[in-house]
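Here is what each chain is made of, one letter per residue.
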Amino acid sequence: MMIRKLFATALVLSTTLSLSSASFAQTTKQSEKEGTSSTGNIQAAHERPKLAIALGGGGTRGAAHIGVLRVLEQSGVKPDIVVGNSMGSIIGSLYCAGVPLDKIEELVVDGRLRKAYAPVPIPVQLMKKAGGKMLNPFGKKKQPGFYDGQGLADFINDNVPEDKRTIESLSPTFAAVVTNLLDGKAYRLTQGDLGRAVRASATLPPILRAVEIDGNVYADGGIRANMPTYPARAMGADLVIAVDVNEPLKKLEPKDLMSISKTGNRMTSIMLAVADELHLKIADVIINPKVTGIGLLSKDKADFHKAVKEGEKAALEAVPEIKRQIANYGLTAHKAPVKSISEKVTVTQTSEPTTTDE
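Asks: How would you sum up the overall build of the protein? Please name residues and give values.
Replies: When helices and strands are counted, the protein shows 12 helices and 11 strands. Within the protein, buried positions represent 52% of all 358 residues. Residue pairs at least 24 apart in sequence account for 80% of intrachain contacts in the protein once pairs closer than 6 positions are excluded. Summed over all atoms, the accessible surface of the protein reaches about 16,300 Å², with 55% contributed by carbon and sulfur.

Asks: How would you summarise the pairing of strand S6 (residues 186-189) if you had to cite specific residues and measurements?
Replies: Within a regular strand, side chains alternate between the sheet's two faces. Burial along S6 is two-sided: Ala 186 and Arg 188 facing one way and Tyr 187 and Leu 189 facing the other are all buried. As paired elements, strand S5 (residues 173-180) and S6 share four bridges and run antiparallel to each other. Along S6, the bridge assignment pairs Ala 176 with Leu 189. What sits between the antiparallel neighbours S5 and S6 is a turn of five residues, in which Gly 184 has the positive phi angle 75°.

Asks: Now, about the pairing of strand S1 (residues 51-55): what can you tell me, with residues and values included?
Replies: For S1, the tally of buried residues reaches five of five residues, placing the bulk of the element in the interior. Burial along S1 is two-sided: Leu 51, Ile 53 and Leu 55 facing one way and Ala 52 and Ala 54 facing the other are all buried. Relative to strand S9 (residues 239-243), S1 runs parallel, the two being bridged by five bridges. Its bridge partner lying in S9, Ala 52 is registered against Val 240. Strand direction decides the pairing type here: S1 and strand S2 (residues 81-84), joined by four bridges, are parallel. Residue pairing for S2: Ala 52 is matched across the bridge by Ile 81. In terms of handedness, the path from S1 via helix H2 (residues 64-74) over to S2 forms a crossover that is right-handed.

Asks: Account for the nonpolar core, with residues named and values stated.
Replies: One finds Ile 90 and Ile 104 to be the most contacted residues of the largest nonpolar core, which totals 67 residues. A total of eight residues in this core trace back to one element, the largest contributor, which is helix H12 (residues 301-328). Not counting chain neighbours up to four residues away, the residues in contact with Ile 90 comprise Leu 113, Leu 152, Ile 156, Val 198 and Ala 202.

Asks: Can you tell me about the environment of Ile 53, naming the residues and giving the values?
Replies: With respect to the helices and strands, Ile 53 occurs in strand S1. With a relative accessible area of 0%, Ile 53 lands in the buried category. In this view, Ile 53 contacts Leu 69, Leu 72, Pro 79, Ile 81, Val 82, Val 83, Ile 241 and Val 243; residues no more than four positions away in its chain are not counted.

Asks: Tell me about the pattern of salt bridges, residues and numbers included.
Replies: For the structure on display, the rule yields 11 salt bridges. The partner of Arg 112 in a salt bridge is Asp 110, with the nearest N and O atoms 2.6 Å apart. Given the relative accessible area of 30%, Asp 110 is considered partly exposed. Between Lys 309 and Glu 312 there is a salt bridge whose closest N-O contact spans 3.8 Å. Taken together, the positions of Lys 309 and Glu 312, both in helix H12 and three residues apart, correspond to about one turn of that helix.

Asks: A description of the packing of helix H3 (residues 87-96) against helix H4 (residues 101-109) should follow, citing residues and the corresponding values.
Replies: Running from N to C, H3 and H4 point in directions that differ by 140°, and their axes come no closer than 10 Å. Like other packed secondary-structure pairs, H3 and H4 cross with a definite hand, here right-handed. Of H4, the residues touching H3 (which contributes Met 87, Ile 91, Leu 94 and Tyr 95) are Leu 101, Ile 104 and Val 108. Looking at the contact of H3 with H4, its residues break down into seven nonpolar, no polar and no charged.

Asks: I'd like a rundown of the environment of Asp 110, residues and numbers included.
Replies: For Asp 110, the position within the fold is in the loop between H4 and helix H5 (112-117). In the structure, Asp 110 is positioned 194 residues away from Phe 304 in sequence and 9.3 Å away in space, judged by C-alpha atoms.

Asks: For helix H7 (residues 150-158), give the residues involved together with the corresponding values.
Replies: Here H7 has its buried residues at Leu 152, Ala 153, Phe 155, Ile 156 and Asn 157. Close packing links the buried residues of H7 with H3, H4, H5 and helix H8 (194-201).

Asks: So what's going on with unusual backbone geometry? Which residues, and what values?
Replies: Following Ser 171, the chain continues to Pro 172 via a peptide bond in cis, the omega torsion being 5°. Relative to the helices and strands, Pro 172 is located in the loop between H7 and S5. Cis rather than trans, the peptide bond between Pro 205 and Pro 206 has omega equal to 10°. Positive phi, normally seen in glycine, also occurs at Ser 86, with a value near 55°. Among the structural elements, Ser 86 can be located in the loop between S2 and H3.

Asks: Run through a positive patch on the surface, naming residues and quoting values.
Replies: On the surface, Arg 114, Lys 115, Lys 299 and Lys 301 cluster together into a patch of positive charge. Locating Arg 114 in the fold gives a position in helix H5. Judged by relative accessible area, Arg 114 falls into the partly exposed class, the value being 30%.

Asks: Tell me about the side chain of Gln 325, and please be specific about residues and values.
Replies: For Gln 325, the position within the fold is in helix H12. Ignoring sequence-local partners within four residues, the contact set of Gln 325 consists of Leu 239, Asp 284 and Val 285.

Reading the values: the criteria
- Residues numbered from 1 in each chain as written.
- Predicted model: local features only at pLDDT ≥ 70, side-chain atom pairs only at ≥ 80, totals over all residues.
- Heavy atoms only, no water.
- Helix = DSSP H or I, 4+ residues; strand = E, 2+ residues; numbered from the N terminus.
- Buried < 20%, exposed > 50% of the residue type's maximum accessible area, 1.4 Å probe, protein only.
- Contact = heavy atoms within 4.5 Å.
- Areas by Shrake-Rupley, 256 points an atom, 1.4 Å probe, with all protein chains shown as cover.
- Pairing = 2+ DSSP bridges.
- Right-handed = clockwise from strand over helix to strand, strands pointing away.
- Core = buried A, V, L, I, M, F, W, Y, C linked by side-chain atoms within 4.5 Å.
- Salt bridge = Lys/Arg side-chain N within 4 Å of Asp/Glu carboxyl O.
- Axes fitted to C-alpha atoms, helices over the stretch in contact; angles between N-to-C directions.
- Left-handed = near helix turned anticlockwise from the far one by under 90°.
- Nonpolar A, V, L, I, M, F, W, Y, C, P; charged D, E, K, R; others polar.
- Patch = residues over 30% accessible without salt bridge, like charges linked within 9 Å, V, L, I, M, F, W, Y side chains within 5 Å.
- Lys, Arg positive; Asp, Glu negative; His and termini not counted.
- Charge placed at Lys NZ, Arg CZ, Asp CG, Glu CD.

Here is the structure:
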């Protein structure tokens, strides 16, 4: 048990280090435009805005996305676009494929998602023997990782209807955000196999192997764009709702950090908060469920239930503002859509700011 806790903490710390190395670079090459309106452009008052929901990553805390989507659905707020990263990609993909939210909650809370992600504990993986020697999960012919990640891809595809196993078949429109480890830039996957795309978006080496698609090597979008508001805006959204499932930073006491796991979670929370700050600036509405105290890698069912409930509470508070902005769209100036950049067969690179002034 102690080995597993220490290893999980080490993985949290490695995630933090990966995030700390992420830099934001504005892409200069532009091959197409996804919108022509500019700041200050006044739309017709009766025009319905295109609404996007950006679901950020956050491990167990990401279960709050279920509660948010449930309340928005009950309130008649229907998104045209859903963009997800990591846990946001998992929940967003199932939602856009038509899986009922109660079913999604069941899959997340009862452990089936966790088992698909990591079929057996890592120490068990390591202790499998071949010829009396420990198996090496980091072979030279494949991307390194303790798990190949296919279980997660199969989990997604097995739990959606057969005719919803490609991204382009989903409604609302869906995109999974990933990081290309070859060029260090963020991309959104908008076509192709759904399970494979979600697997790439939720892959954190060395837990899962990075995913090779069309000559690129993809991993968790959180390395570059944990809160995918820029991809949502680039897809033509007029209004963007950001669902931020990270802990708001507050001052702690030394006694609050008296364990490796608590220190690791704190470091990760700080790095995610810094990275998300830039991306949250272009959101029209921010929903931030109170998930403080829920570990990123928690397996406690109570934590999953708490996250869902906090998502519901936060969404209920946000619904009046969301409806106000939808009703008033066209009466006031709106943010300019982010122009899209280099388009490939299955991916579109997302646009990110170079400074905090953008």
